[in-house]
Amino acid sequence: MKKLAILSTIILGMTVASCDSYLDINQDPNSPTEENMTPSIMLPAAEMGLASTYGNLLRIPGGYFSQHYAHMFGTSNYVDYSQFTMSPVRSSTAYSQLNRVALKNLKTIMNMAEKNEEWGTFLAATTLRCFTLQAMVDCYGSVPYSEALDISNSSPHYDEGSVVYEGILNELNNALAKANANDMVATNFLFKGQNAANWIKFANALKLKILSRMSNVSAVDAQIGAIISEGNLPTADVAYAGCWQNETGQMNPYYSEEFSTSFGSTQINVTANIALVGTMQLKDGNGDVVYEDPRLAAFFDTNSSGVFTGGVSGTNFSTSADLKAAYWCRPKIAYNSPVYLITVAETEFFIAEYFAKKNDAAQAAAHYAAAVEASFASAGVGGAAEYISRNPYDQGNYKKVLGIAKWVALAGVNNFESWCELRRLRYPAFGTVTGSQLYNVDTDVYSPQLYQPGTLYTPIQVNGNIGSNHVIERWPYASSSTSSNGNAPVFENADYLKPIFWAQQ
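Residues numbered from 1 in each chain as written. Predicted model: local features only at pLDDT ≥ 70, side-chain atom pairs only at ≥ 80, totals over all residues. Heavy atoms only, no water.

## Quick word on the overall build of the protein
Secondary structure summary: the protein contains 19 helices and 12 strands in total. Projecting the C-alpha coordinates of the protein onto the three principal axes gives extents of approximately 70 × 55 × 45 Å. Buried positions account for 58% of the 505 residues belonging to the protein. Expressed as a percentage of contacts within the protein between residues at least 6 apart in sequence, the contacts between residues at least 24 apart total 73%. As presented, the protein carries roughly 18500 Å² of accessible surface, and 48% of it is formed by carbon and sulfur atoms. When the 31 positive and 44 negative side-chain charges of the protein are each reduced to one mean point, those points stand 3 Å apart. (Helix = DSSP H or I, 4+ residues; strand = E, 2+ residues; numbered from the N terminus. Buried < 20%, exposed > 50% of the residue type's maximum accessible area, 1.4 Å probe, protein only. Contact = heavy atoms within 4.5 Å. Areas by Shrake-Rupley, 256 points an atom, 1.4 Å probe, with all protein chains shown as cover. Lys, Arg positive; Asp, Glu negative; His and termini not counted. Charge placed at Lys NZ, Arg CZ, Asp CG, Glu CD.)

Here you go:
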């Protein structure tokens, strides 16, 4: 695999031409000279640390754990992910990059901005720091927070996720209270503009996501309602776009990892999963397509025969003579594809859920429709109205309607967040068909017609600590942290099935 080369090149070697001269290739942004240590040097480096990890090292396992992805014939790079397995070693690169490059730089920027009362920059760095910490909680459940980033403490305490969530909410509220829309922001990739207006909207959307995740276990409805009433939320997807180039180390990080041959690799790993294809493309009893979600063609390419097919989790089809790479469908992504942080569709789904819980079916239905429309718009296709008519809002089953629709919407833009939401909403749920029924490894029989639309299934081979009809609920703690931290909690095998605090019913 190409991870280490990609990360070092993207983070440390991004050239001057890539994003309006934001980084100097001759200056290591993680070790700038004292006179050059400014937010405008450090913020782009922290952003790339976040984008390269979140947009790749979290996206790939998120895609497999959500059953958006299955594995191709002939390689084994991510077969463990397709079997709902994550090891402490596998998770270490993402954990280390988020800590070393993103969080440490962001905290330094916050300190510098606060000292100089540069509140726009303070808000930007705080928002990205809170976004990063939330993603880490959503992976691990507990992470160092209250004692983190203290160089005198080599063994920081791991804080429970609920404590971290409360802490980052307070951080966001503090930064929002200090910043005004016209406050200047240090040089950055995300919005490029020099004032805080869009950062305020991003921070509000992040608060909405955090509070929505907490909503089943904490009394936060009033806070959610206040954000919705204020209405100062993004009107466009929050994404790293327009800053990727078709050069080694300057590409979209997922494209660079899985599609580019710049680092000498020609391995092909990821294909569409039958769960997603079978939900987005409906067939009649004769096998004829009666409806195809237009976003399917925006999310995946067809196979060599011009049709959509989906692989089965838990195997790489290595025994097959026919089901090789040309039979399957690759994700549609380019060197300059955006790395999405929060989409308008996600925000609208959270708002729809708020009104559903209030039993306001009319408002919930309106925002559900807005979420679907925003997803279609992000994909650059029409057809939202037909999708809504085929999948109408149902107040009595709002979690199912919202959960499946969100799972589909995120399949092409943010697979990690989809894994988070299906753990919380519990939709899609598991059907009665298993992976072994969909593909019999011994007889090499592939039976996609057995798939039940809108469901998950147990992989052909599955992590023995998870078993049938379960997804992996959390990652084991990263060995890069636990190996040197005497205060790291012990991860038991049963913890693979222990929900993150916000998913506990």
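## What to know about the confidence of the model for the protein
Residues at a pLDDT of 70 or more form 91% of the protein, whose mean pLDDT is 91. Overall, residues 1–30 carries pLDDT values under 50, and its contacts beyond four positions in sequence, including any with other chains, amount to 88 contacts. (pLDDT = per-residue confidence, 0-100.)

## Here we look at the pattern of salt bridges
This structure, assessed with the given rule, holds 16 salt bridges. Among the salt bridges present, the one from R129 reaches E171, with a minimum N-O distance of 2.9 Å. Remark: E171 occurs in helix α7 (residues 161–178) and R129 occurs in helix α6 (residues 119–140); sequence separation between them is 42 residues. Of the two residues, R129 and E171, neither departs from the other in class, the shared state being buried. Between R213 and D138 there is a salt bridge whose closest N-O contact spans 2.8 Å. Placement of the pair is R213 in helix α8 (residues 197–214) and D138 in helix α6, with a sequence separation of 75 residues. R213 gets classed as buried once you look at its relative accessible area, which sits at 0%. (Salt bridge = Lys/Arg side-chain N within 4 Å of Asp/Glu carboxyl O.)

## So, the packing of aromatic side chains
Counted by the stated rule, this structure contains 31 aromatic pairs. Ring geometry for Y327 against W328: centres 4.8 Å apart, planes inclined by 85°, an arrangement best described as edge-to-face. The ring of Y387 is capped by R295, whose NZ or CZ atom sits 4.9 Å from the centre of that ring. Lying over the aromatic face of F350, K406 brings its terminal NZ or CZ to 3.9 Å of the ring centre. (Phe/Tyr/Trp six-rings, centres within 6.5 Å; stacked < 30°, edge-to-face > 60°. Lys NZ or Arg CZ within 6 Å of the ring centre and 35° of its normal.)

## Some details on the environment of E492
With respect to the helices, strands and loops of the structure, E492 is situated in the segment after α19 (479–482). Between the alpha carbons of E492 and S52 there is a distance of 30 Å; along the sequence they are 440 residues apart.

## Thoughts on the nonpolar core
In this structure, Y240 and Y368 are the most contacted members of the largest nonpolar core, which totals 155 residues. Of the residues forming this core, the biggest block, 14 residues, is contributed by α6. Every residue in contact with Y368, bar those within four places of it in the chain, is listed here: F349, A352, Y387, I388, N391, P392, Y393, V401, L402 and A405. (Core = buried A, V, L, I, M, F, W, Y, C linked by side-chain atoms within 4.5 Å.)

## A word on the packing of α8 against helix α9 (residues 221–230)
The geometry of α8 relative to α9 is characterised by a closest axis approach of 9 Å and an angle of 150° between their N-to-C directions. Classed by the angle they form, the pair α8 and α9 counts as roughly antiparallel. Both α8 and α9 take part in a crossing whose hand is left-handed. In this structure, α8 contributes N204, K207, L208, L211 and S212 to the contact, and α9 contributes Q223, I224, I227, I228 and E230. Looking at side-chain class alone, the contact of α8 with α9 contains five nonpolar, three polar and two charged residues. (Axes fitted to C-alpha atoms, helices over the stretch in contact; angles between N-to-C directions. Parallel < 35°, antiparallel > 145°, perpendicular 65-115°, else oblique. Left-handed = near helix turned anticlockwise from the far one by under 90°. Nonpolar A, V, L, I, M, F, W, Y, C, P; charged D, E, K, R; others polar.)

## Points about the pairing of strand β7 (residues 289–292)
Bridging between strand β6 (residues 281–283) and β7 involves three bridges; their strand directions are antiparallel. What sits directly across from Q281, in β7, is E292. In this structure, the hairpin formed by β6 and β7 is closed by a connection of five residues, where G287 is found at a positive phi of approximately 85°. (Pairing = 2+ DSSP bridges.)

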